[in-house]
Amino acid sequence: MAVELYLDLLSQPCRSVLIFAKINNIPHEVRNISLMDGEQYGDHFGKISLIRKVPALRDGDFCLTESPAILLYLAQKFQTPEHWYPADLQQRARIDEYLSWQHCAIRLHGSKVFWLKLMIPEVLHVEVPKEKMEAAVEELNGSLKLLEEKFLQDRPFIAGGHISLADLVAIVEVMQPLAAGLDVFGGRPKLNAWRDRVQAAIGKELFDEVHQNILGSQERVKVMDGSKLEFSKAKILNFFM
Amino acid sequence: MAARQALQVHLDLLSQPCRALHILLACTRLPHTVRHVALRKGEHRTPEFTEINPMQKVPVMVDNGFILTESDAIIKYLVNKYDVPDHWYPRQPERRARVDEYTAWHHTHTRPHAAKVFLLEVLLPAQTGSPVEEQHLIRALSQLQETLDQLESMFLRRQPFLCGDDITVADLLAVCELMQPEGGGRDILQDRPLLQRWKSRVRAAVGDAFDQAHAVLYALRDRRRAKL
């Protein structure tokens, strides 16, 4: 029986979940939830997830949110190849360490740059002070440095010789500020090389397909109806500014 | 025989995730050595500590030379590696997923929102000598209220513990964060009977380990009260 995946591919963790499901041929049905249209607040989605966040998974009666939890659940349930979440406890711990760290690091900083650089000025039409933008980029630089120097070091992937859940969760986050026009890979040969390896392991076609929407962001905001985000404007500004 | 334990943890009990780890170690009776790192004194920035953890944060675990940071990862590693009761981090996939779901959500909700109140009421004034920034505090308290609402409605609901019928590592991580504002004399659960009852259940489940882990926080609270 197929699992239902509630996704919006503009959201980084939705992309990691979809890539994982597709690359492992996990039987799944995608239910699109448009965050821009506030669909996460609809009645139907409320029945799936009280937490009202995407990605969300429904497997029979079992509903789950939070991408690390979903990825781990799918890996276990569908007995995916071991390298995604190895049995070796130390390698596994390295992955858990990354999955924990990234919430308040790359994920937070990359999202912030995406919103401050693109969405807030172009869609909400609110000016972002230069210092705030610079500070956000500095924070992201710090996280990217730690990704390279602590989590990758001399290894091809975060947990060692093979791609794992950690790399998947990392790459989708790094793509977000890129989509806003920030050159995250410029001057970072190590990050570049890792990105190439991750893309090759995922398959360029799948990687590009899943990132198509987000990478079209700079174009899309030109024609986007800003009023769609009015309902969450205060919350967004409160959070990022 | 005073053997040097192969398992070492570097902790400051003023740190919420350090307390959660400390309580788990006490409850599971895993032999270990504690190395205290006084954040207040900047001991996390010494060359010796930085060599162990370049990110200069606590807790850090060293198990036979294997160094690990991030409390979730440390806690899950210990539970997976050593023979501890299954309820802490159940093997059954759906029950485990519930714990993974909470520990992820924790990073973006419980942890930052409770920590912010402590930061604004205790840490910043202590560091800068300035009075509490009231507007920021009001905002932080409001955000915390939302998180407490979500803890009650999305996780606890009618269950005894956050992830089901039995205590898990999720409850330890959560309770230690929610205790932090007590360092400033603030009981954030005072008007929340549902969460208070949950906290009592957690305390009962972990016994003396709870107050032992929180002794430093209580001492801070008592020192501040004495000054008033």
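Residues numbered from 1 in each chain as written. Chains lettered and ligands numbered in written order. Predicted model: local features only at pLDDT ≥ 70, side-chain atom pairs only at ≥ 80, totals over all residues. Heavy atoms only, no water.

So, the interface of chain A and chain B
With 28 residues of chain A in contact, the opposing surface of chain B contributes 28 residues. Carbon and sulfur atoms supply 63% of the area that chain A and chain B bury against each other, a total of about 2,600 Å² over both sides. Linking chain A with chain B are zero salt bridges. On the surface where chain A and chain B come into contact, there are eight residue pairs in polar contact (both at pLDDT 80 or more). Secondary structure elements with two or more residues in the side of chain A that touches chain B: β4 (62–65), α3 (67–77), α4 (89–101) and α6 (130–152) of chain A. Among the residues forming the side of chain A that touches chain B, the class breakdown is 15 nonpolar, six polar and seven charged. (Contact = heavy atoms within 4.5 Å. Buried area = accessible area lost by both parts, 1.4 Å probe. Salt bridge = Lys/Arg side-chain N within 4 Å of Asp/Glu carboxyl O. Polar contact = N/O pair within 3.5 Å; in protein donor to acceptor, adjacent residues only side chain to side chain. Helix = DSSP H or I, 4+ residues; strand = E, 2+ residues; numbered from the N terminus. Nonpolar A, V, L, I, M, F, W, Y, C, P; charged D, E, K, R; others polar.)

A few points about helix α7 (residues 165–179) of chain A
Residues and elements named next belong to chain A. Compared with an ideal rise of 1.5 Å per residue, which puts 15 residues at 21 Å, α7 spans 22 Å between its outermost C-alpha atoms and is within 8% of the ideal. In terms of residue burial, α7 counts as a mostly covered element, since 14 of its 15 residues are buried. Of the residues one or two after α7, glycine 181 is the one with positive phi, at around 105°. (Expected span 1.5 Å × (residues − 1). Buried < 20%, exposed > 50% of the residue type's maximum accessible area, 1.4 Å probe, protein only.)

Focus: the UniProt feature "domain: GST C-terminal" (unreviewed entry) in chain B
On the UniProt side, "domain: GST C-terminal" (unreviewed entry) is annotated at positions that read residues 92–228 of chain B here. Secondary structure over residues 92–228 of chain B splits into 74% helix and 0% strand, and the C-alpha atoms at its two ends are 51 Å apart. (UniProt positions renumbered as here; feature names shortened; annotations may be inferred.)

Structural notes on the packing of aromatic side chains
For any two aromatic rings, the description comes down to two numbers: the centre-to-centre distance and the angle of the planes. Taken as a whole and judged by the stated rule, the model has twelve aromatic pairs over all chains. Aromatic side chains tyrosine 98 of chain A and tryptophan 101 of chain A sit 5.6 Å apart centroid to centroid with 50° between the ring planes, which places their arrangement in the tilted category. Here tryptophan 101 of chain A and tyrosine 98 of chain A lie together in helix α4, a separation of three residues that amounts to about one turn. Classification of tyrosine 98 of chain A by relative accessible area gives buried; the value is 0%. When its relative accessible area of 5% is taken as the criterion, tryptophan 101 of chain A is described as buried. On the numbers, 5.1 Å between centres and 90° between planes, the contact of tyrosine 102 of chain B with phenylalanine 155 of chain B is edge-to-face. (Phe/Tyr/Trp six-rings, centres within 6.5 Å; stacked < 30°, edge-to-face > 60°.)

Overview of a positive patch on the surface
Residue and element names in this part refer to chain B. Together, Arg40, Lys41, Arg223 and Lys227 give the surface a local cluster of positive charge. For lysine 41, the position within the fold is in the loop between β2 (33–36) and α2 (47–52). The exposed category is assigned to lysine 41, whose relative accessible area is 64%. (Patch = residues over 30% accessible without salt bridge, like charges linked within 9 Å, V, L, I, M, F, W, Y side chains within 5 Å. Areas by Shrake-Rupley, 256 points an atom, 1.4 Å probe, with all protein chains shown as cover. Lys, Arg positive; Asp, Glu negative; His and termini not counted. Charge placed at Lys NZ, Arg CZ, Asp CG, Glu CD.)

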